[in-house]
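Below are the chains, spelled out letter by letter.
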Amino acid sequence: MEKMDFNPLETKAKEIIVRYEEPRAAMLPLLWLAQETFGHISPEGEAWVGEKLGVTIAHVREVVSFYTMFQTKPLGKHHLQVCRSLPCLLQGANGVITQFKERLGIGLGETTLDGKVTLSAVECLCACEMAPMAQISEQYVGPLTPQTLQEVFHHLLEQPDTAFRPPEPDLHIAGGGPVLSRRFKHAEGAWFDAYAADGGYEAAKKALTSMTPAQVIDEVLKSNLRGLGGAGFPTGRKWSFIPKESSKPKFLVVNADEGEPGTFKDRYLLERDPHALIEGMIIAAYAIGSHKAYVYIRGEYVRPHRRFAKAVEEATRHGWLGKNIQGTGFDLEVVIHRGAGAYICGEETALLSSLEGGKGFPKLKPPFPAISGLFKCPTLINNVETLACVGPIIRQGAEWFSKLGTPKQGGTRLFSLCGHVARPGLYEAPVGVSLRELIYTHAGGIREGHRLKAVIPGGISAKVLTAEEIDVKMDFDSLLSAGTMAGSAGVIVMDETTCMVEALRAASHFFADESCGQCSPCREGTGWILKIIDRIRKGAGRPQDLENLLSIAGNMEGKTICVFADAAAWPVQSYITKFRGEFEHHVATGECDLKGPALALRGPGQA
Ligand SMILES: Cc1cc2nc3c(=O)[nH]c(=O)nc-3n(C[C@H](O)[C@H](O)[C@H](O)COP(=O)(O)O)c2cc1C
Ligand code: SF4
């Protein structure tokens, strides 16, 4: 085999390392560099990265093994990754995987004999509006209707040496909303001009030239903006926790690691309105006294990353980033950091561990990131959508923003709707909109000829609601009172064809796959849950299984480093409690009465 020559990568490696306060934080970008150059990360590649960063090969190897996107063996020319998470499953992902296996003549994890295609099944790619979907060599493809499948087969089997560039599907994406989606319909390439023409960067100018940091924080507090990454913590309060005086540098970290199945909002903000995020970042950084921002984007988001990076370049060129922004004396440097395939890195302390060059391990709190975060310095972490609300708040005022929402949560939200609705898509609505209105008015109701059975209102971790429970407002507090959560506002809708055992199996598979493994209740519990549900699903359920599932789930809650384990327990508890008869029927008879339509490919009645 030809020897790998790393010498041509030296200059690039040096450029990457100096972006970070500590060399080892350049771990993921250097691993990406090695993989992109040689197609995979070989032992020589691990040794080279270790040498550049001054860490052991064993450490590099541990990191490589943690992230699903790093490959230690060469793959086929095209890597075909089919999503098997619940939203895609509801739209026929199992059938898609079977067709790929049959047509390519290979199983999951295998490569065709000619070395052209490697086939894998992956957890959620956060493009649930395109379900069923796949990623082919970094390009998202969907919805995989019988017709698009033919195009994919044609390309992979008959023209494997050409680049595959499927058009972006014309889906149901909100536009013209009051806060977050107003510029979503703009064409690529017109961003900075379009943004500036729409009052863009006026808010940053106002903050930097006529407001003190304390006044900015106060305005955000009054707006009742709550963290839209999922936890709903009041944003202004979080900003106020960052020490005013600090001998250490302070950091702003943007969480763009969107990974919650059923959610795809941040992807649209990064792609279609990146300057709204940049403006929010400038204001946030000014408010807390930070001059360095890291944007952690999930590794699979290749196009969002590309478009956001282009916007950062534009903003820098127009004097909105870098040194002495618009002559105000305020500096802000932005580093974009690419993740590498690990859902847990969305949890803020795991994200920091990953950003520091390690495995994405959550850390015990306290200390909270506000006091000891990135490189042990004060750090503010906010979600993309949260920061995209900040410009409009400063420009149009806290009162305007808070009035759009409920008494305790201001503004609007981007609701991702997927599953069995007529129009899967992204919709902007006031945070107090009802779940019924979202499903029946915005998303066009349940697909034709079917009726609602169940809804997950806030991403796969949220407790499920029945068809009778949808007259609930979608703000954080109302959903909490209804026994579930608003989370990431990813709404997964299931009609009467859905088998709840199958749905819970998909959720449990996700959690078993994504647990970081640090805490035994989570590592062992998610594995046991999956094993028992698999048994029930295959018709070999035992009388004690349901009680055992509830007991395992109960023992996972509140006993671990992060709330991932709780999130894995909630679907088990809610599905079994609310659809107990269906689970009991499976256990007693070994049969499912709902075979067929749920596995059908997305039909002509749907977009
Ligand atoms: C398992 C887990 C996954 C998470 N994933 C994300 C994510 O993908 N994106 C995100 O912004 N927040 C995610 N969060 C929430 C973050 O920990 C954190 O609360 C958030 O980034 C803070 O930003 P916000 O206050 O603007 O919401 C996750 C939390 C947990 C426990
Ligand atoms: S709860 Fe699970 S994901 Fe969170 S730290 Fe423990 S093992 Fe890791």
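The structure presented is a predicted model; accordingly, all values stated were derived computationally and were not measured. (Residues numbered from 1 in each chain as written. Chains lettered and ligands numbered in written order. Predicted model: local features only at pLDDT ≥ 70, side-chain atom pairs only at ≥ 80, totals over all residues. Heavy atoms only, no water.)

1. Description of the overall build of the chain
For the chain, the helix and strand inventory stands at 25 helices and 14 strands. Whereas a compact globule of 607 residues would reach a radius of gyration of roughly 25 Å, the chain reaches 24 Å, a difference of no more than 12%. In terms of principal-axis extent, the alpha carbons of the chain reach across some 70 × 65 × 45 Å. Here the chain, with 607 residues, has 61% of them falling under the buried criterion. A total of about 23,200 Å² of accessible surface is found on the chain, and carbon and sulfur atoms cover 53% of it. Within the chain, the 69 negative side-chain charges are centred at a point lying 2 Å from the centre of the 65 positive side-chain charges. (Helix = DSSP H or I, 4+ residues; strand = E, 2+ residues; numbered from the N terminus. Rg over C-alpha atoms; globule rule 2.2 N^0.38 Å. Buried < 20%, exposed > 50% of the residue type's maximum accessible area, 1.4 Å probe, protein only. Areas by Shrake-Rupley, 256 points an atom, 1.4 Å probe, with all protein chains shown as cover. Lys, Arg positive; Asp, Glu negative; His and termini not counted. Charge placed at Lys NZ, Arg CZ, Asp CG, Glu CD.)

2. Looking at the packing of aromatic side chains
Per the counting criterion, the structure on display carries 23 aromatic pairs. A ring pair is formed by Tyr 20 and Tyr 294, whose centres lie 5.7 Å apart and whose planes are at 20°; its orientation type is stacked. Of this pair, Tyr 20 sits in the loop between helix H1 (10–17) and helix H2 (27–38) while Tyr 294 sits in strand E7 (residues 292–297), and the two are 274 residues apart along the sequence. The two residues Tyr 20 and Tyr 294 agree in class, both being buried. On the numbers, 6.4 Å between centres and 65° between planes, the contact of Phe 264 with Tyr 268 is edge-to-face. (Phe/Tyr/Trp six-rings, centres within 6.5 Å; stacked < 30°, edge-to-face > 60°.)

3. A few points about the site of ligand 1
Looking at ligand 1, there are 17 residues lining it, with Gly 229, Asn 255, Asn 382, Asn 383 and Thr 386 nearest. Between ligand 1 and Asn 255, the relevant distance is 2.9 Å, taken from an oxygen atom to a side-chain nitrogen or oxygen of the residue. Thr 386 has a polar side-chain atom sitting 2.7 Å from an oxygen atom of ligand 1. Its free accessible area being 610 Å², ligand 1 has 89% of it covered by the protein chains. Of the residues forming the shell around ligand 1, the biggest block, three residues, is contributed by strand E9 (residues 379–383). Looking at the shell around ligand 1, its residues break down into four nonpolar, eight polar and five charged. (Near = heavy atom within 4 Å. Polar contact = N/O pair within 3.5 Å; in protein donor to acceptor, adjacent residues only side chain to side chain. Nonpolar A, V, L, I, M, F, W, Y, C, P; charged D, E, K, R; others polar.)

4. Section: the pairing of strand E12 (residues 452–456)
Most of E12 is tucked away: five of the five residues are buried. The sheet contact formed by E12 and strand E13 (residues 465–466) spans two bridges and is antiparallel. Paired with Val 455 across the bridge in E13 is Leu 465. (Pairing = 2+ DSSP bridges.)

5. A few points about the site of ligand 2
Residues in contact with ligand 2 amount to 13 residues; listed here are only the nearest, Cys 516, Gln 518, Cys 519, Cys 522 and Cys 562. In a pocket analysis with a 2 Å cut-off to the grid points, ligand 2 is assigned to the largest cavity. Grouping the constituent residues of the shell around ligand 2 by class yields nine nonpolar, four polar and no charged. (1 Å grid on protein atoms, 1.4 Å probe; cavity = no way out; pocket = protein on both sides within 12 Å on 5 of 7 lines; lining within 4 Å. Sits in = over half its atoms within 2 Å of the grid points.)

6. A short note on empty space enclosed by the protein
Scanning the entire structure with this criterion turns up four cavities of 30 Å³ or more. Residue lining of the largest cavity: 14 residues in total, with Cys 516, Cys 519, Cys 522, Cys 562 and Phe 564 positioned closest to the centre. Of all the elements in the fold, those that place two or more residues in the lining of the largest cavity are helix H22 (520–537) and helix H24 (564–578). The residue inventory of the lining of the largest cavity, partitioned by class, reads nine nonpolar, four polar and one charged. As a volume, the second largest cavity reaches approximately 50 Å³. (Points joined across faces, edges and corners; volume = space filled by probe spheres on them.)

7. What about the domain arrangement of the chain?
Assigned domains of the chain: these are domain 1 (7–66), domain 2 (78–158), domain 3 (191–404), domain 4 (412–495) and domain 5 (500–589). Centre-to-centre separation of domain 1 and domain 5, based on C-alpha positions: 38 Å. (Domains from an automatic or database assignment.)

8. Let's talk about helix H3 (residues 43–53)
Regarding H3, the residues found buried are Gly 45, Glu 46, Trp 48, Val 49, Gly 50 and Leu 53. Where H3 is buried, its residues meet H1, H2 and helix H4 (57–66). The positive-phi residue at the C-terminal boundary of H3 is Gly 54, with phi of around 70°. (Contact = heavy atoms within 4.5 Å.)

9. Focus on the layout of surface pockets
Of the volumes computed, that of the second largest pocket is approximately 800 Å³. Looking at which element gives the most residues to the lining of the second largest pocket, the answer is helix H14 (residues 302–317), with four residues. Looking at the lining of the second largest pocket, its residues break down into 14 nonpolar, 11 polar and 11 charged.

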